[in-house]
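Working through the structure, step by step
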Amino acid sequence: MSLTSQSAVVRRLIVRPGPAPQSTAPVVASTTAVSAVLRAFGRSPEDLPARTVVLIGAAAVDPGLGAEHEGFAVRTTATPGLALRRAHHELHDGTADLALVAGFGEPDAQTITVYAVKRAAEAVADADSVLGVLDVTDPHTPDSAPPLRPLAQNPRGTDPDRHRLILWSGRTTDDEVRVRGELLPMLNGLHREAYPALPTAVPCGTPPGPVRGAAVAVSALAAPTVHRTRAVEVTRPRPVALLFPGQGSQHAGMAAGLYRREPVFTAAVDAVLSHMGEEGARVRADWLDPRHAAIDIDDVRRAQPLLFAIDYALGRMILSWGVRPVAFLGHSAGELVAAVFAGVVGLRDAVAMVRARVREAVKVPAGGMLAVAASEEQLRPYLVDGVGIAAVNANQQVMLAGASGPLTAVADRLRADRLTVVTVPATSPFHSPAMAPASDAIEADYRDIPFREPRSALYSGYTGGLMSPDDALSPRFWARQITDTVFFRNALDELLAADDVLLVEAGPRQTLTAFARRHRSVRLGAGAVSPLLPARTGTPEADRQSVLTAAARIWTEGHDLNLNAVARLWTWSEENTSEDRVTAAASRIPAGALGA
């Protein structure tokens, strides 16, 4: 059974809401008890997803308990078993993103057993410790509790010829030299079949020291790679900020080398696509077999849903390593991904927003986007009706967008004046006045979405700075993103002015990485940037090697990693088929081409 069709219990706790522990009176489903359920796991109700529902299984319910408490829906059933079964249906019907199921009178009359239940794919993507999945197909009576089955999500696929990560450290420079000296003979004498099982970090069982080294290599090259790697002494780790690219960064087969080879990434992609219904299955099929795709990757119907899924899955994978970003910045459509991580909008609602953008964008007459090596001021004389400045990505990297006819005429004039112009892979004129009808239409849809204020630093390309609570809560702000200019340069300026950070681009193509490398802070060495994926289409193994290289950079920056999570990149697999079954078509898009 697919993870996307299952519900997982991620936490279970017994609480005693009554004021008198010695009381023998049965606990009753009351407002006081529901308040205890909302706080059972030590989180404030404000930190719970907006679509959290409390499901009560109790024989006795206080008449004063309504259908809503502290802003959350409350539903009652006769038994805890019925409440768990209803939780499964609510999660998969889309009426809840988290179900807190309260079994009153369990395990005794004065206590409540509280279960936190999520969609299984999202639980894996969130790196939750899954206690088990609900077997709602169990043939027991309908009001009994569905059995908890183990999560079948631990296939092994070790391959001695796959790249893996080797980490080591020392308390001092001399200590690092000693550790490396002990590691090298081990690598030289290691049988290739044992290479994947080598510990990820040495020395084992001790906290990592401040002098660190990292190598990414196959078994045959492990020893020479470790030998020539320079160690880095860390004084203060730069905090991590995540960058999420938008349309223009897509390419056929992007990140496909991670799918079914890394569990968190795989579950996160599946979770996103499951919220698209039958269309999600078609998007996945076109992604994994681009040579036979029904719709081209540059079509908005494929580019935006897939970019959202991949950006989101990469971000989830980084978090599963134990990395805790201090800020998020997305470029255009990537801003929706950043908003999910910052707590502004839930995953299901963000997917609905992407689908609304796509649905309305295809109604707009065909258009496109251009990347021009010039400043905003230089390009203003070239603008005509229907063509606008779509994005200011760097001092000499600006994008134009508009309807096909006027945009082609502008491109001809620019080339005649010897300016460098590159056509961005896009079929819709995002960030131009032509998108105004689509913006008005999706604003009506967005009014039903429960937005929240950012819980983390969220930088917006539309304001060029930190997103304000008013903007985060505004349907109009989110709807006008498809017509307004993206001021990525300004937002990056604000982010890098706030602190010296390590920027990690969680998306394909390295376009945002190229912009960041030109920034003065990065050129001077105060800030730094590392991409997750290769700059161009390659093999599945190249995807994993690139991700491991980013993990190595995070480690040598001084961040400790969840070593078991990182090791899954070379020890875990759901695939029994050839590595080469996903082959992406070659594509050449300059780094300045990034659009919606």
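The following refers to the structure shown. What you see is a predicted model, and the numbers here were worked out from it, not measured in a lab.

**Details of the nonpolar core**
With 150 residues, the main nonpolar core has Phe265, Trp287, Phe308, Trp321, Trp478 and Leu503 as its most contacted residues. Here this core takes 12 residues from helix 8 (residues 300-320), the largest share from any one element. Setting aside chain neighbours within four positions, we find Phe265 in contact with Ala255, Leu258, Tyr259, Trp287, Ile310, Ala313, Leu314 and Met317. With 16 residues, the next largest nonpolar core counts Val372, Ala374, Val387 and Leu400 among its residues.

**Some details on the pairing of strand 6 (residues 112-119)**
Counting buried positions along strand 6 gives 8 out of 8 residues, so the element sits mostly inside the fold. With 8 bridges connecting them, strand 1 (residues 7-15) and strand 6 associate as antiparallel partners. Bridging from a neighbouring strand, Val9 pairs with Val117 of strand 6. Bridge analysis of strand 5 (residues 98-104) against strand 6 gives 6 bridges, and the strand direction is antiparallel. Residue pairing across strands places Gly103 opposite Thr113, the latter belonging to strand 6.

**Side note on helix 13 (residues 436-446)**
Burial in helix 13 covers these residues: Ala438, Ser439, Ile442, Glu443 and Tyr446. For helix 13, the buried positions fall inside an angular range of 140° around the axis, keeping them on one side.

**So, the packing of aromatic side chains**
Counting across every chain of the model gives 9 aromatic pairs. Aromatic side chains Phe308 and Tyr312 sit 6.3 Å apart centroid to centroid with 5° between the ring planes, which places their arrangement in the stacked category. Of the two residues, Phe308 and Tyr312 both sit in helix 8, 4 residues apart, roughly one turn of that helix. Judged on exposure class, the residue Phe308 and its partner Tyr312 are both buried. Aromatic pair Phe488 and Phe515: ring centres 6.0 Å apart, planes at 55°, arrangement tilted. Highlighted residues: Phe488 in helix 16 (residues 488-498) and Phe515 in helix 17 (residues 511-517), separated in sequence by 27 residues. Here Phe488 and Phe515 have matching classes, each one buried.

**Focus: the sheet that holds strand 18 (residues 421-424)**
Consider a sheet: its strands pair through backbone hydrogen bonds, and that pairing is either parallel or antiparallel. As summarised here, the arrangement of the 4 strands in space is 16-17-15-18, forming an open sheet in which the pairing is antiparallel. Every interior strand has two partners, whereas the edge strands, strand 16 (387-394) and strand 18, have only one. Sheet twist, expressed as the average angle between the axes of neighbouring strands with direction ignored, equals 25°. Across 4 bridges, the pairing between strand 15 (residues 367-372) and strand 18 is antiparallel. In the strand pairing of strand 18, Met369 is matched with Val424.

**Some points on the environment of Val364**
Topologically, Val364 is positioned in the loop between helix 10 (347-361) and strand 15. Between the alpha carbons of Val364 and Pro429 there is a distance of 8.3 Å; along the sequence they are 65 residues apart.

**Side note on the packing of helix 6 (residues 263-274) against helix 7 (residues 278-288)**
Contact geometry for helix 6 and helix 7: axes closest at 8 Å, N-to-C directions at 135°. The pairing of helix 6 with helix 7 is recorded here as oblique in orientation. Contact residues: helix 6 offers Phe265, Val269, Asp270 and Leu273, while helix 7 offers Gly280, Val283, Arg284 and Trp287. Grouping the amino acids of the contact of helix 6 with helix 7 by side-chain chemistry returns 5 nonpolar, 1 polar and 2 charged.

**A short note on the environment of Glu90**
Along the polypeptide, Glu90 turns up in helix 2 (residues 80-93). Engagement of the side chain of Glu90 in a polar contact is seen with the side chain of Arg75, the distance being 2.5 Å.

**Examining the pattern of salt bridges**
For the structure on display, the rule yields 35 salt bridges. Among the salt bridges present, the one from Asp97 reaches Arg119, with a minimum N-O distance of 2.9 Å. Of this pair, Asp97 sits in the loop between helix 2 and strand 5 while Arg119 sits in strand 6, placing them 22 residues apart in sequence. The class for Asp97 is buried, based on a relative accessible area of 10%. Through salt bridges that share partners, Lys118, Asp126, Asp128 and Arg316 make up one connected network.

Conventions used here
- Residues numbered from 1 in each chain as written.
- Predicted model: local features only at pLDDT ≥ 70, side-chain atom pairs only at ≥ 80, totals over all residues.
- Heavy atoms only, no water.
- Core = buried A, V, L, I, M, F, W, Y, C linked by side-chain atoms within 4.5 Å.
- Buried < 20%, exposed > 50% of the residue type's maximum accessible area, 1.4 Å probe, protein only.
- Helix = DSSP H or I, 4+ residues; strand = E, 2+ residues; numbered from the N terminus.
- Contact = heavy atoms within 4.5 Å.
- Pairing = 2+ DSSP bridges.
- Arc of directions from axis to C-beta.
- Phe/Tyr/Trp six-rings, centres within 6.5 Å; stacked < 30°, edge-to-face > 60°.
- Axes fitted to C-alpha atoms, helices over the stretch in contact; angles between N-to-C directions.
- Parallel < 35°, antiparallel > 145°, perpendicular 65-115°, else oblique.
- Nonpolar A, V, L, I, M, F, W, Y, C, P; charged D, E, K, R; others polar.
- Polar contact = N/O pair within 3.5 Å; in protein donor to acceptor, adjacent residues only side chain to side chain.
- Salt bridge = Lys/Arg side-chain N within 4 Å of Asp/Glu carboxyl O.

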